[in-house]
Amino acid sequence: MKVVIKNWHAIAQWRWDTGSNDPDDADGEGDVCGICRVPYEGCCPSCKMPGDDCPLSALGECSHVFHMHCLLQWIGTAASKQQCPMDRRQWVTAERKVDSTRS
Amino acid sequence: MATTALTAQIVLKWQNSFARLNRGQPGISGLLSFSEAWSIATAFLRPRDLADTTPSEHNMQDVRASFDILSRSKMLPMLLENFLEDMRKQLYLITRDINTMMSQYENTGDPQYIASLVYRLVEWFQAWSPIPELGYTVISAYKLAFQTHVFSVLPPSFSSGFKDLIASTFTLSYSTSPPSWTMGPSSSEVKTPPVRPDIPLWTAYDTLGLLDRYESLISSVCYEHIEAHVLETCTGKWGEPMLAPLREWMADKVVPWMIMPYARGARTAAEAQSMLQSVGSRFDFHVCKTLSDLRTREIFDIIIDYPDSLSALQDLKECLQRVDQRTQLVATLRKANKRRLLHPGADTKDILTQYVSIIRCLRIVDPPGVLLFKVADPIRRYLRERADTIRCIVASLVGDGESGDSLVDENEPIQPLQQMQVEDYTDPNWEPEPIDAGPDFRTNRPSDVISTLVSIYDSKDLFVKELQVLLAQRLLAITDGNYERERRNIEILKIRFGEAALQVCEVMLRDMTDSKRIDQHVQSHESLVLHPTIISRHFWPPLQTSKFIMPGQFKQIQDNYAKEFTAFKPDKRLHWLPHLGTISLEITLQDRTVSAEVPPLAAAFIELFSEKDTWTVDELVNKIGSIDRSSALKALATWVDLGVLKEDDNSQYKLLETADASGSGSRTAAPRPANIMEDAPAVLTVQQQQAEQMKVYWKVLHRGNAHKPRVTEFGPDTDDAEDCSGYDRTIEQLGAFMEAARREGLVTVKDGVWKLNRQ
Ligand SMILES: [Zn+2]
Ligand SMILES: [Zn+2]
Ligand SMILES: [Zn+2]
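As the structure is a prediction and not an experimental result, all values here were calculated from the model. (Residues numbered from 1 in each chain as written. Chains lettered and ligands numbered in written order. Predicted model: local features only at pLDDT ≥ 70, side-chain atom pairs only at ≥ 80, totals over all residues. Heavy atoms only, no water.)

## Thoughts on the interface of chain B and chain A
Line of reasoning, step 1. Tallying the contact residues gives 52 residues for chain B and 36 residues for chain A.
Line of reasoning, step 2. Taking both partners together, chain B and chain A bury about 4500 Å²; carbon and sulfur atoms supply 55% of that area.
Line of reasoning, step 3. Looking only at chain B, the three residues that lose the most surface to chain A are Arg537, Arg573 and His575 of chain B, adding up to 20% of its buried area.
Line of reasoning, step 4. Linking chain B to chain A there are six salt bridges. (Contact = heavy atoms within 4.5 Å. Buried area = accessible area lost by both parts, 1.4 Å probe. Salt bridge = Lys/Arg side-chain N within 4 Å of Asp/Glu carboxyl O.)

Structural data, given as structure tokens:
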């Protein structure tokens, strides 16, 4: 017997690659943005469309990730003192290692 | 003992009496002439038998002179008394005629004998009537005595005969060739026939005082005549206005008739008009009442017929303004709804359709909406209890694509949902609520159909959720990338439900666009048979989850696609929902090729059969991942049905590289009954036809939800039960069918619950 696929209509979800995704959490709600408490794959309070229009921030050296818009807004306030809102360490963007490990 | 005084009194009286009778004439000549006058007058007045044909010769001059003498002697009262006494002795003659003619009527039931009797009584009346010179007192005393006797002798059956006779005057009044009995006995004389053949009858009734005595009977004849005409001309006729033609008919046919009983004394047209005014208004009221009663009885079917029945509804509106039948209308419609609509056998879609028609129809009849409020209440409560109501409304909102029978009128402007409002008394257009509005009635109820339907529920959130589910299902089923219809739907829904409520649907649509763009990009790098719809989680309704891994070449293709995706979108990864979607396959076997479009799980299983050709269910499940057993069996059944797999006795599935010799025989052809008749008759017996019918019903039962059969689908007169419409299948019919099915052993019943008998 030979099975030939003529056409395949499949359904998939997209996920942000935060480098720390737990494959076992595939069907869970996923991690939330520490600033707005909305899941990463949702969108920040000032956006209506998720995904490319409301991307994630770069990974901080402290390993925290936020909606980019949330983080920019936070950093823009005087009170932030340019610190990560989760751990109050100076915000420094980390090198992305994800791509190198994958490819 | 007579005293002297008493004797003197008697003498004085006698002298007075003598003087009066003698009238101061010389000697006793006065007394003599009085005596002659008395005998002439009494002879003239004596009631004679009509059968006595000997001509009675009276010198009218002598008669008048005699009456004059008697009058001057103040003897008229005495004369009248004498006349009435004579009359009493002769009354048996009239009684005899009445009895004869009434028994003729009673034997035949023909009102013409009543007419003859009436004319005969007129003859008696005229023959015995004193001359007018005797004055009003005498004439009216005579009339009273005559009528008192006649009415005391007439048997009870006269009323019904007289009623029939009156009824016949309706057609008689404009008859061009009336039967001869209508003319009375005088018709034998040379006389031009009257303009209206019924006039002699009316004159006779009047003479005998029948019009006064039977006044209410005559009105009831007219009421019944009106009722019969309304029922005959208007029943089931809803497509054209009927009230106006009815009023024309009244003016043309009934009003002219009314002149005889109700305006006989009129000398001018204006006088007649004013005499007819009050009775005419009563009869017009009766027209409205009869029509309104009729339409009330028909209201449920009129609503089904809407908009073809628009005219009937407008008539009803006009009638209700004249006759207060609103309470009856509400009661009747509520009862009909309960009996014909709000029962478990009716489809939710049908209930909604009828509810929408009720909304439209009652708004015509009663624009303020009081009737609608009262009728709608039980329907809304019933719909609220039904699990699939929201789904039905939503399906209709987005057009379910099957039929044009959407609840929403396409001509109705799309507008935002209207919420209930609090009454605003500062509004210059504010009006007090109609008098029969109940305490719950709210004037500012939403007026468009969709708002009304949505307002069955306290919040619109349920609708939005259901909308999202429906749209998600639709969008995920789209394989050709054409979702323009859904885009248009969402635009319309945004107007109704507001942008915010539809925001997630916007994301769904954008996911569709993005998926298409991504796929174009991926295909340009590596041509793959896989075309996924990539969705944003959190923005789609929860989807069924299951964890299994597509085997073999499927996994390979998925991985290739995911790699291309990540190359295109470096910050994203793909997460497959393996059980969703459809796969179109071609299975090449030794002796045949099978094409099929199957769900992914079925595809996964058949892929495994290319590794080895015999698997148990457990082996397959273990290989794929976590799958519940019933899903696995269903997926396998797909291939068994297609003749690719075969289940053997050890609950193993085996690949059929060559087609099974016995075919999929056991599935398609039922075992033949042992005693098949060699020469079946060409025409089915009734019993056979019923059995055939049963099969159709049975198919319907199985097609639908077997536990909740759709009553409306059971039509004995259609091939395809789905063509049946309307609510004419009663719960009794369903019961009969289920009972028949039970006899056939197809279902069992226990404690009133029917169950399919699955062997
Ligand atoms: Zn955020
Ligand atoms: Zn944003
Ligand atoms: Zn941090």
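## Details of the coordination of the zinc ion (ligand 1)
Residue and element names in this part refer to chain A.
Line of reasoning, step 1. The protein atoms that coordinate the zinc ion (ligand 1) are Cys33 (SG), Cys36 (SG), His67 (ND1) and Cys70 (SG), at distances spanning 2.1 to 2.4 Å.
Line of reasoning, step 2. For the zinc ion (ligand 1), the four donor atoms in the first shell make angles of 93 to 120° at the metal, a pattern classed as tetrahedral.
Line of reasoning, step 3. Summarised as a motif, the one-chain spacing of the donors to the zinc ion (ligand 1) is C-x2-C-x30-H-x2-C. Within this pair, whereas Cys36 is found in the loop between β1 (2-16) and α1 (68-76), its partner Cys70 is found in helix α1, the two being separated by 34 residues in sequence. Pair check on accessibility: Cys36 and Cys70 agree, each one buried. (Donors = N, O, S within 2.8 Å, 3.2 Å for Na, K, Ca; no water. Tetrahedral: all angles 85-135°; square planar, octahedral: opposite > 155°, others 65-115°. Helix = DSSP H or I, 4+ residues; strand = E, 2+ residues; numbered from the N terminus. Buried < 20%, exposed > 50% of the residue type's maximum accessible area, 1.4 Å probe, protein only.)

## Comments concerning the packing of helix α4 (residues 76-108) of chain B against helix α5 (residues 112-128) of chain B
Line of reasoning, step 1. Between α4 of chain B and α5 of chain B, the least distance of the axes is 9 Å, while the angle of their chain directions is 170°. Here α4 of chain B lies roughly antiparallel to α5 of chain B, going by the angle between them. (Axes fitted to C-alpha atoms, helices over the stretch in contact; angles between N-to-C directions. Parallel < 35°, antiparallel > 145°, perpendicular 65-115°, else oblique.)

## Overview of helix α14 (residues 326-340) of chain B
Residues and elements named next belong to chain B.
Line of reasoning, step 1. In this model, α14 (15 residues) spans 21 Å end to end at C-alpha, consistent with the 21 Å of a helix rising 1.5 Å per residue.
Line of reasoning, step 2. Of all the positions in α14, only Arg326, Leu329, Val330, Leu333, Ala336, Asn337 and Arg340 are classed as buried. The buried residues of α14 occupy an angular sector of 135° when projected down its axis, which confines them to one face. Summarising the geometry of α14, the exposed residues directed more than 90 degrees from the buried face are Thr327, Lys335, Lys338 and Arg339.
Line of reasoning, step 3. Each element contacted by the buried residues of α14 is listed here: α12 (269-305), α13 (310-322), α15 (348-365) and α16 (370-385). (Expected span 1.5 Å × (residues − 1). Arc of directions from axis to C-beta.)

## Some words on the packing of aromatic side chains
Residue and element names in this part refer to chain B.
Line of reasoning, step 1. Tallied over the entire structure, the rule returns 21 aromatic pairs over all chains.
Line of reasoning, step 2. A centroid spacing of 5.3 Å and a plane angle of 85° characterise the contact between Trp202 and Tyr205, whose relative ring orientation is edge-to-face. Residue Trp202 and its partner Tyr205 are both found in helix α8 (residues 199-208); the two are separated by three residues, about one turn of the helix.
Line of reasoning, step 3. Overall, Trp202 belongs to the buried group, its relative accessible area being 0%.
Line of reasoning, step 4. Taking relative accessible area as the criterion, Tyr205 reaches 0% and is therefore assigned buried. (Phe/Tyr/Trp six-rings, centres within 6.5 Å; stacked < 30°, edge-to-face > 60°.)

## Overview of the sheet that holds strand β8 (residues 652-655) of chain B
All names here are of chain B.
Line of reasoning, step 1. The strand order across the open sheet formed by three strands is β5-β8-β7, and the pairing between neighbours is antiparallel. Taken across any chain shown, the strands that pair with only one partner, and hence form the sheet edges, are β5 (614-616) and β7 (645-647). With direction set aside, neighbouring strand axes in the sheet form an average angle of 25°.
Line of reasoning, step 2. Sheet topology note: the β7/β8 ladder contains three bridges and is antiparallel. (Pairing = 2+ DSSP bridges.)

## With respect to the sheet that holds strand β1 (residues 530-535) of chain B
Line of reasoning, step 1. The four strands are arranged β1(B)-β1(A)-β3(B)-β4(B) in an open sheet whose pairing can be described as mixed. Strands at the two margins of the open sheet, each flanked by one partner only, are β1 and β4 (593-598) of chain B. Here the strands of the sheet are splayed against their neighbours by 20° on average, with no regard to which way each runs.
Line of reasoning, step 2. Bridge count for strand β3 (residues 572-588) of chain B against β4 of chain B is six bridges, and the pairing is antiparallel. Paired with Ile587 of chain B across the strands is Val594 of chain B, a residue of β4 of chain B.
Line of reasoning, step 3. Taken strand by strand, helix α21 (residues 503-525) of chain B contacts β1 of chain A together with β1 of chain B, and its axis lies near 145° from that of β1 of chain B.

## What to know about unusual backbone geometry
Generally, phi is negative for residues other than glycine and the peptide bonds are trans, each holding for most cases.
Line of reasoning, step 1. That bond from Tyr306 of chain B to Pro307 of chain B is cis: its omega, 10°, falls within 30 degrees of zero.
Line of reasoning, step 2. For Pro307 of chain B, the location among the structural elements is in the loop between α12 and α13.
Line of reasoning, step 3. Of note in the backbone geometry, Ser63 of chain A takes a positive phi value of approximately 75° without being a glycine.
Line of reasoning, step 4. Looking at where Ser63 of chain A falls in the secondary structure, it is placed in the loop between β1 and α1.
Line of reasoning, step 5. Given a relative accessible area of 52%, Ser63 of chain A falls into the exposed group.

## Comments concerning the coordination of the zinc ion (ligand 3)
All names here are of chain A.
Line of reasoning, step 1. Of the protein atoms, only Cys62 (SG), His64 (ND1), Cys84 (SG) and Asp87 (OD) coordinate the zinc ion (ligand 3), at distances of 1.9 to 2.3 Å.
Line of reasoning, step 2. Angles of 93 to 120° at the metal separate the four donor atoms of the zinc ion (ligand 3), which places the site in the tetrahedral class.
Line of reasoning, step 3. With a relative accessible area of 12%, Cys62 lands in the buried category.

## Details of the nonpolar core
All names here are of chain B.
Line of reasoning, step 1. Within the largest apolar cluster, 142 residues are counted, with the highest numbers of intra-cluster contacts made by Phe497, Leu585 and Trp639.
Line of reasoning, step 2. Among the elements that take part in this core, α15 stands out by supplying 10 residues, more than any other.
Line of reasoning, step 3. Aside from chain neighbours lying at most four places away, what touches Trp639 is Leu585, Ile587, Ala596, Val598, Ala602, Ile606, Val644 and Leu645.
Line of reasoning, step 4. With 85 residues, the next largest nonpolar core counts Leu21, Phe146, Leu211 and Val287 among its residues. (Core = buried A, V, L, I, M, F, W, Y, C linked by side-chain atoms within 4.5 Å.)

## Some remarks on the confidence of the model for chain A
Residues and elements named next belong to chain A.
Line of reasoning, step 1. In the predicted model, chain A carries a mean pLDDT of 81, and 81% of its residues have values of at least 70.
Line of reasoning, step 2. The least confident element of chain A, judged by mean pLDDT, is helix α2 (residues 98-102) at 43; the most confident is β1 at 91.
Line of reasoning, step 3. Across residues 98-103, where pLDDT falls below 50, the model places six contacts with residues more than four positions away in sequence or in other chains. (pLDDT = per-residue confidence, 0-100.)

## Let's talk about the packing of helix α10 (residues 215-234) of chain B against helix α11 (residues 243-262) of chain B
Residue and element names in this part refer to chain B.
Line of reasoning, step 1. Running from amino to carboxyl end, α10 crosses α11 at an angle of 165°, the nearest separation of the two axes being 12 Å. It follows from the interaxial angle that α10 and α11 lie roughly antiparallel. In the packing of α10 onto α11, the handedness of the crossing is right-handed. Seen from α10, the contacting residues are Ile218, Ser219, Cys222, His225, Ile226, His229, Val230, Thr233 and Cys234; seen from α11, they are Leu246, Trp249, Met250, Val254, Trp257, Pro261 and Tyr262.
Line of reasoning, step 2. Of the residues that constitute the contact of α10 with α11, the class distribution is 12 nonpolar, four polar and no charged. (Left-handed = near helix turned anticlockwise from the far one by under 90°. Nonpolar A, V, L, I, M, F, W, Y, C, P; charged D, E, K, R; others polar.)

## A short note on the pattern of salt bridges
Residue and element names in this part refer to chain B.
Line of reasoning, step 1. This structure, assessed with the given rule, holds 35 salt bridges over all chains.
Line of reasoning, step 2. Asp284 is the partner of Arg247 in a salt bridge, and the nearest nitrogen-oxygen pair spans 2.9 Å. Taken together, the positions of Arg247 in helix α11 and Asp284 in helix α12 put the pair 37 residues apart, joining distant regions of the chain.
Line of reasoning, step 3. Arg247 gets classed as partly exposed once you look at its relative accessible area, which sits at 28%.
Line of reasoning, step 4. Asp284 sits in the buried class, given a relative accessible area of 18%.
Line of reasoning, step 5. Between Lys289 and Asp293 there is a salt bridge, and its shortest N-O distance comes to 2.9 Å. Remark: Asp293 and Lys289 occur in helix α12; sequence separation between them is four residues, near one turn of the helix.
Line of reasoning, step 6. Overall, Lys289 belongs to the partly exposed group, its relative accessible area being 28%.

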